[in-house]
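Overview (structure and organization)
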Number of protein chains: 2
Amino acid sequence: MSRPKPLSGFPELTPQERIVEQLVLDRLRETFELHGFGSIETRSVEPLDRLAKQGEIDKEVYAVQRVAAEPGTPAELGLHFDLTVPFARYVLEHAHELAFPFRRYQIQKVWRGERPQEGRYREFTQADIDIVDAGTLAAHHDVELPLVTLGALDRLHVDLGLPPVLMRVNNRRLSEGFYRGLDIADPAAVLRQVDKLDKIGPERVTEVLVSDSGVSLAQARSVVQLAQISAPDESFVDEVHRLGVHSDELDEGLELLAAVVRAARTHVPGRLVADLKIARGLDYYTGTVYETELVGYESWGSISSGGRYESLATDGRTTYPGVGLSIGVTRLLAPLLGRKVLQPTRSVPTAVLVAVESEETRSSAVAVAEALRARGIPTEVAPKADRFGRQIRYADRRGIPYVWFGPAASSEVKDIRTGEQLPADPDRWNPPAADLHPQVRS
Amino acid sequence: MSRPKPLSGFPELTPQERIVEQLVLDRLRETFELHGFGSIETRSVEPLDRLAKQGEIDKEVYAVQRVAAEPGTPAELGLHFDLTVPFARYVLEHAHELAFPFRRYQIQKVWRGERPQEGRYREFTQADIDIVDAGTLAAHHDVELPLVTLGALDRLHVDLGLPPVLMRVNNRRLSEGFYRGLDIADPAAVLRQVDKLDKIGPERVTEVLVSDSGVSLAQARSVVQLAQISAPDESFVDEVHRLGVHSDELDEGLELLAAVVRAARTHVPGRLVADLKIARGLDYYTGTVYETELVGYESWGSISSGGRYESLATDGRTTYPGVGLSIGVTRLLAPLLGRKVLQPTRSVPTAVLVAVESEETRSSAVAVAEALRARGIPTEVAPKADRFGRQIRYADRRGIPYVWFGPAASSEVKDIRTGEQLPADPDRWNPPAADLHPQVRS
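The rules behind the values
- Residues numbered from 1 in each chain as written.
- Chains lettered and ligands numbered in written order.
- Predicted model: local features only at pLDDT ≥ 70, side-chain atom pairs only at ≥ 80, totals over all residues.
- Pairing = 2+ DSSP bridges.
- Helix = DSSP H or I, 4+ residues; strand = E, 2+ residues; numbered from the N terminus.
- Axes fitted to C-alpha atoms, helices over the stretch in contact; angles between N-to-C directions.
- Buried ≥ 20, exposed ≤ 12 C-beta atoms within 10 Å, placed from the backbone.
- Arc of directions from axis to C-beta.
- Contact = placed C-beta atoms within 7 Å.
- Core = buried A, V, L, I, M, F, W, Y, C linked by C-beta atoms within 7 Å.
- Parallel < 35°, antiparallel > 145°, perpendicular 65-115°, else oblique.
- Left-handed = near helix turned anticlockwise from the far one by under 90°.
- Nonpolar A, V, L, I, M, F, W, Y, C, P; charged D, E, K, R; others polar.
- Domains from an automatic or database assignment.

1. Quick word on the sheet that holds strand β4 (residues 77-79) of chain A
Taken in spatial order, the six strands of this open sheet run β2(A)-β4(A)-β3(A)-β3(B)-β4(B)-β2(B), and their pairing is antiparallel. Unpaired on one side and paired on the other, β2 (45-47) of chain A together with β2 (45-47) of chain B mark the two borders of the sheet. The average angle at which neighbouring strand axes cross in this sheet is 40°, direction not considered. As paired elements, β2 of chain A and β4 of chain A share three bridges and run antiparallel to each other. When the sheet's bridge partners are listed, Pro47 of chain A is paired in β4 of chain A with Leu77 of chain A.

2. Observations regarding unusual backbone geometry
Residue and element names in this part refer to chain A. For the bond running from Phe100 to Pro101, omega is -5°, close enough to zero to count as cis. Among the secondary structure elements, Pro101 is positioned in the loop between α3 (84-94) and β5 (102-111). Look at Asp183: it is not a glycine, yet its phi comes out positive at around 65°. By the secondary structure assignment, Asp183 is in the loop between α5 (172-181) and α6 (187-194). For Asp183, a count of 11 C-beta atoms within 10 Å gives the class exposed. Here the phi dihedral of Lys340 falls at roughly 60°; this positive angle occurs in a residue that is not glycine. Note that Lys340 resides in the loop between α11 (329-338) and β13 (343-344).

3. Overview of helix α6 (residues 187-194) of chain B
Residue and element names in this part refer to chain B. Restricting attention to buried positions, one finds in α6 the residues Val190, Leu191, Gln193 and Val194. Taken around the axis of α6, the buried residues stretch over an arc of 160°, which confines them to a single face. If you follow the buried residues of α6, they end up packed against α5 (172-181), α7 (197-212) and α8 (217-227).

4. Here we look at the nonpolar core
Core analysis: the biggest nonpolar cluster contains 198 residues, and Val64, Val91 and Val223 of chain A together with Val64, Val91 and Val223 of chain B have the highest contact counts within it. Ignoring any residue separated from it by four or fewer positions in sequence, one finds Val223 of chain B in contact with Tyr179, Val190, Val194, Leu209 and Val215 of chain B.

5. So, the packing of α7 of chain B against α8 of chain B
Residues and elements named next belong to chain B. One can describe the packing of α7 onto α8 by two numbers: an axis separation of 7 Å at closest approach and a directional angle of 160°. In this view, α7 runs roughly antiparallel relative to α8, as classed from their interaxial angle. Read as a crossing pair, α7 and α8 show a hand that is right-handed. Contacts between α7 and α8 involve Leu197, Pro202, Val205, Thr206, Leu209 and Val210 from the first element and Leu217, Ala220, Arg221, Val223, Val224 and Ala227 from the second. Here the residues of the contact of α7 with α8 sort into ten nonpolar, one polar and one charged.

6. Thoughts on the domain arrangement of chain A
Residues and elements named next belong to chain A. Taken domain by domain, chain A consists of domain 1 (15-40 + 83-105 + 120-343) and domain 2 (347-441). Of note, the centres of domain 1 and domain 2, computed from C-alpha atoms alone, are 48 Å apart. Taken together, the contacts link nine residues of domain 1 with four residues of domain 2. Taken together, the residues that form the side of domain 1 that touches domain 2 break down as six nonpolar, three polar and no charged.

7. Points about the packing of helix α1 (residues 15-34) of chain A against α11 of chain A
Residue and element names in this part refer to chain A. As a packed pair, α1 and α11 sit with axes 11 Å apart at the nearest point and diverge in direction by 145°. For the pair α1 and α11, the crossing hand works out as right-handed. For the pair formed by α1 and α11, the contact residues are Glu17, Val20, Glu21, Val24 and Leu25 on the first element and Val329, Leu333 and Leu337 on the second. Counted by class, the contact of α1 with α11 contains six nonpolar, no polar and two charged residues.

8. Let's talk about the interface of chain B and chain A
With 66 residues of chain B at the interface, the matching set in chain A holds 66 residues. Residue composition of the side of chain B that touches chain A, by class: 27 nonpolar, 17 polar and 22 charged. When strand β3 (residues 62-66) of chain A meets strand β3 (residues 62-66) of chain B, the two strands line up antiparallel, connected through five bridges. Bridge assignment links Val64 of chain A to a residue of β3 of chain B, and that residue is Val64 of chain B.

9. Overview of the pairing of strand β10 (residues 288-294) of chain A
Residue and element names in this part refer to chain A. Within β10, six of the seven residues are buried, which leaves the element mostly enclosed by the surrounding structure. As defined by bridge partners, strand β7 (residues 165-171) adjoins β10 across seven bridges and the pair is classed as antiparallel. By the bridge assignment, Met167 is partnered in β10 with Thr292. As paired elements, β10 and strand β11 (residues 304-314) share two bridges and run antiparallel to each other. Bridge pairing in β11 links Tyr290 to Gly306.

Set out below in structure tokens:
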């Protein structure tokens, strides 16, 4: 077997890069659980007829079928392409075993048969949080979700050195209420054009609105003025009022969005703005919508998106509304790892390598290692009773900071970074906290 | 959309069951990292021609192909059915980025299109540890691996109440050396019959050896006598010697197996026996082989297996020998969860529910929650300003042990299991350690 080639679109991390990913996933999980979100995992496959109803994405679904299936048998299963479709199915299937409102997080791989290019993957990891209720879901959860997500992303920034983020939030009721206040008949069509604002600019959007969406020039100008409003505080409410458009739905949307901005200013200052051009492509969003960019890497697009959906799932009798946010873990990490922006302090979990003087004394080295592990210190025993210089090189190549010499009764431990070597007792010695586990240096 | 039906063979856990699984996976990871194993994940798919060379398993491979692929195009990718084949490929592909000997653990889902039945799944989680080296791999790693695995499984027993385990170990060099000492021409053919000893019994194996494997009755009797030797200590060596067969390979195998048994008696007493009938089906094992049963649930078969392979992978110039053990996490857990042998102390991560007196004071409840979370206490704010009785019921239904009343300045916290309610400061109060996170009760 010659050296295999990577499969385009299926990124695979080195052990070093994986350490960074684990630290990121651990922080996300910890934040989610601190806020009372429980973990679920759904199976990787769904019936194809459930996956292939979602529009554009259909082409990208991967079908799954046993190699031994009768030739010509149509595939029945496909790999999930996000965590929302399977979650909706999970809620319906397990509703009788769940307590509502149900708060869950889900960290799993998803698959899309996209054309591979930077920032697009065929297999990648997402981390989703959602709150769903049966019947109605309180509006304060629209305020809560971005605080949890921004709290999680801020820990990645502060603890691990990832770039800071900025979340842009809008509310579809606000936009659609405004359009209705302008007597626009098809608000959804208008929203689709507004979504292109960043790409084609305000003049072109105005033109397209008039030519394609059956909107007058005056209406189009108001629509574009609304979309250009953005503020880190509640001042956006007055700006909207100054456009002189009124409707109950608009007021409701303004109030909901103001509550999000207000809470964010208290809890995650500087990380969230109201941005009235945010539309989000997916049709199932019905209220608040969220998008998040990495500050300094805006061209990578949104690394965390989501929104409110009045009907995540329904079984005909009960409707389950929800609000959710998804973090694109691979999308966020793969380019930072590829550019070596984030690197671990070592390539293995090991804090101590116990040197072996001869194969005959290996068991006393194993005993030292056991004593250290019993107190939570990750420890390896040297694989070969080489000259000590070579054993130190073994540690050095992996970034293991300490090498241990001698049996328990007469031990010394060497910090191979400084060369300092001191007597130590395997039942008492502790490395400094920063050396116990790998850290990220950025 | 009506209530969806489960897909047979694709088990999906409830949030409660998932809490148990997370605790199990956390313990495994912690033990592996304490022994210096680093995590990797491989992509879920491999080229089909790499997967479909492994004999029996071929029929069970799932092919993966874009729904939008041209009809009639043959699939090129398949889902991996274990973690060894992808690991071998990973070692070859990334050899230039790895330091050898390379110690890795890998916890991922695998897929097999088996006929679903109890204990057989189409999607399931495995936890593998392997050590591979370039060129040659020291024999002491054959001793180390079962100690790590048994240490991990013993923590599941002691900390989480899973049943204890018993690992059965043999060495193929021992068996094959013995057969060669008997002048048996095709040791592999004999080994395949010996593998049936538990199923069909010693008489039948003797018969089949004579009728199908070209072995004399005297040879067959010796073979079966060897296979019936089993001991928790080194006494098996003398038992083998008493059979009066000699070869260098046999002596080598005896010494290697004795070293495993000796170390296990010191480090994990009572958990490992030499059992000379263990053969393991897979042809790539060349030395030590391991199988592990749950005590009291022996009929479930092996929940952790593995062995030494002289050539895990080769690129033509370098050969990579390895030794590995795989824990069948789903195989181990799904039946224990299904029988309610293991249950979590609560169904959510939340330790404290902060009650909300009215929607107007929600922000002061949020402030209390933030203070608790800042000190690592998982906290939810009640979703609705209901009567307190209802809010307590919300906590009770989820097993949340504490409900918090009042703003920070005049707070009280109630243990809803005992009814005890005491004044508390959100910047100082701590729950007992056992209440901080969900535990397993068995």
